[in-house]
Amino acid sequence: MMGLTFINALVFGVQGNTLRALGKDTPLNQFLAGSAAGAIQCIICCPMELAKTRMQLQGTGEYKLKKKNYKNSLDCLIKIYRKEGLRGINRGMVSTFIRETPSFGFYFLTYDCMTRYLGCEAEDSYVIPKLLFSGGMSGIVSWLSTYPMDVIKSRLQADGVGGVTQYKGILDCVRKSYHDEGWRVFTRGLTSTLLRAFPVNAATFATVTVFLMYMRSEDNLRECEPGPVIQQPSSL
């Protein structure tokens, strides 16, 4: 939970600062800023998802053992590092980068387009439902845009757990997965992912947006208070 909180803070922080650096708030810049945020957060996201995948696999199916290898996520990453080094910790980094970069671009682009289309303004009495719907749709579009790569990423990160490595790389994983299970393998689990994505991202975007609205209104109130005017450099 703490890891996800930190990742969300990083993503929204990088996206906001990148958008300001680009100068204009346009659909293209929203996509580019979102893509930059997605690329940066891979550094943290990849090891976290590797640990999650390994933890979920241990004690199930073909990976069933009498004794569990990992006590928790941190213990999992430490043991992977001791056995495989930094390369092991970053297993699936390229596929994660390919998934996250365009995915977050579409994530922020969709939210921007939806809120503009629905007319989400602070004084609107229906602003919260509109923000929730926009955020939920952003999550769905984001997952739809790169879900097949998520399947490949998960397979690469799970590869080698049982002691045998099946895939040489991304293309080899795509080829073997398609050959053995057909094209449906690339959409396996999509429905449950989308059902989870809507409420999670609806809550995330709505919370961030309402918080920013509140902070900006507080700043405006302070500016209207009587008193000496002090010139300060703005970080916005």
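Keep in mind that what you see is a predicted model, and the values were worked out from it rather than measured.

J.: How should the overall build of the chain be read in this particular structure?
T.: Within the chain, the secondary structure is distributed over 7 helices and 0 strands. By residue count, 39% of the 236 residues in the chain fall in the buried class. A separation of at least 24 residues holds for 69% of the contacts in the chain among residues at least 6 apart in sequence. Surface accessibility of the chain: about 14900 Å² in total, with carbon and sulfur atoms responsible for 63%.

J.: Is there a simple way to explain a nonpolar patch on the surface in this structure?
T.: A cluster of nonpolar side chains, contributed by Phe211, Leu212, Tyr214 and Met215, occupies part of the molecular surface with about 390 Å² of accessible area. For Phe211, the position within the fold is in helix α7 (residues 190–224).

J.: Explain the packing of helix α4 (residues 93–118) against helix α5 (residues 127–158) to me, please; I cannot follow it from the model alone.
T.: Describing two packed helices takes the angle between their axes plus the distance from one axis to the other. Close contact between α4 and α5 brings their axes to 8 Å; oriented N to C, the two are set at 170 degrees. Between α4 and α5, the crossing angle belongs to the class labelled roughly antiparallel. Here the hand of the crossing between α4 and α5 comes out right-handed.

J.: Looking at this structure, how should I read the nonpolar core?
T.: The nonpolar side chains of a soluble globular protein tend to be buried with one another. Counting 15 residues, the largest nonpolar core has Val11, Phe104, Tyr107, Phe108, Leu131 and Phe205 as the members making the most contacts within it. Residue contacts for Phe104: discarding those within four places in its chain leaves Val11, Gly34, Ser35, Gly38 and Gln41. Listed in part, the 7 residues of the second largest apolar core include Met149, Ile152, Leu156 and Val185.

J.: Help me understand the packing of aromatic side chains, please; the structure alone is not making it clear to me.
T.: Aromatic ring pairs: the centre-centre distance and the angle between the two ring planes describe each pair. In the structure shown here, the tally under the stated rule is 10 aromatic pairs. When the ring of Phe108 is compared with that of Phe205, the centres are 5.6 Å apart and the planes differ by 85 degrees; the resulting orientation is edge-to-face. In this pair, Phe108 sits in helix α4 while Phe205 sits in helix α7, placing the two residues 97 residues apart along the sequence. Of the residues examined, Phe108 reaches a relative accessible area of 4% and is grouped as buried. Ring geometry for Tyr111 versus Phe205: centroids 3.8 Å apart, planes at 10 degrees, classification stacked. With Tyr111 in helix α4 and Phe205 in helix α7, the pair connects residues that are 94 residues apart, well separated along the chain. Overall, the relative accessible area of 10% leaves Tyr111 in the buried class. Through pairs of rings, three or more aromatic residues link up here, namely Phe12, Phe104, Tyr107, Phe108, Tyr111 and Phe205.

J.: How do you make sense of the confidence of the model for the chain when you look at a structure like this?
T.: One rule of thumb: low pLDDT means the predicted coordinates there are not for detailed reading. Summary statistics for the chain give a mean pLDDT of 85 and a share of 86% for residues scoring 70 or more. Across residues 223–236, confidence stays below pLDDT 50; counting only partners more than four residues off in sequence or on other chains, it has 2 contacts.

J.: Teacher, can you tell me more about the side chain of Ser138 here?
T.: Here Ser138 lies in helix α5. Setting aside chain neighbours within four positions, we find Ser138 in contact with Tyr107, Thr110, Tyr111 and Phe205.

J.: Looking at this structure, I do not really get the pattern of salt bridges. What am I missing?
T.: In total, this model carries 13 salt bridges according to the counting rule given. Here Arg116 ties to Asp112 by a salt bridge, and the two come within 3.0 Å at their closest N and O atoms. Of the two residues, Arg116 and Asp112 both sit in helix α4, 4 residues apart, roughly one turn of that helix. Asp112 gets classed as buried once you look at its relative accessible area, which sits at 8%. A network of salt bridges, in which partner residues are shared, links Glu49, Arg99, Glu100, Asp150 and Lys153.

J.: For this particular structure, what's the right way to read the environment of Ser95?
T.: On the secondary structure map, Ser95 appears in helix α4. Its relative accessible area of 1% is what places Ser95 among the buried residues. Along the chain, Ser95 and Met149 lie 54 residues apart, while their C-alpha atoms are 6.7 Å from each other. Those residues within four positions of Ser95 in sequence are excluded, and the remaining contacts are Met149, Lys153, Leu156 and Ile170.

Rules and cut-offs
- Residues numbered from 1 in each chain as written.
- Predicted model: local features only at pLDDT ≥ 70, side-chain atom pairs only at ≥ 80, totals over all residues.
- Heavy atoms only, no water.
- Helix = DSSP H or I, 4+ residues; strand = E, 2+ residues; numbered from the N terminus.
- Buried < 20%, exposed > 50% of the residue type's maximum accessible area, 1.4 Å probe, protein only.
- Contact = heavy atoms within 4.5 Å.
- Areas by Shrake-Rupley, 256 points an atom, 1.4 Å probe, with all protein chains shown as cover.
- Patch = residues over 30% accessible without salt bridge, like charges linked within 9 Å, V, L, I, M, F, W, Y side chains within 5 Å.
- Salt bridge = Lys/Arg side-chain N within 4 Å of Asp/Glu carboxyl O.
- Axes fitted to C-alpha atoms, helices over the stretch in contact; angles between N-to-C directions.
- Parallel < 35°, antiparallel > 145°, perpendicular 65-115°, else oblique.
- Left-handed = near helix turned anticlockwise from the far one by under 90°.
- Core = buried A, V, L, I, M, F, W, Y, C linked by side-chain atoms within 4.5 Å.
- Phe/Tyr/Trp six-rings, centres within 6.5 Å; stacked < 30°, edge-to-face > 60°.
- pLDDT = per-residue confidence, 0-100.

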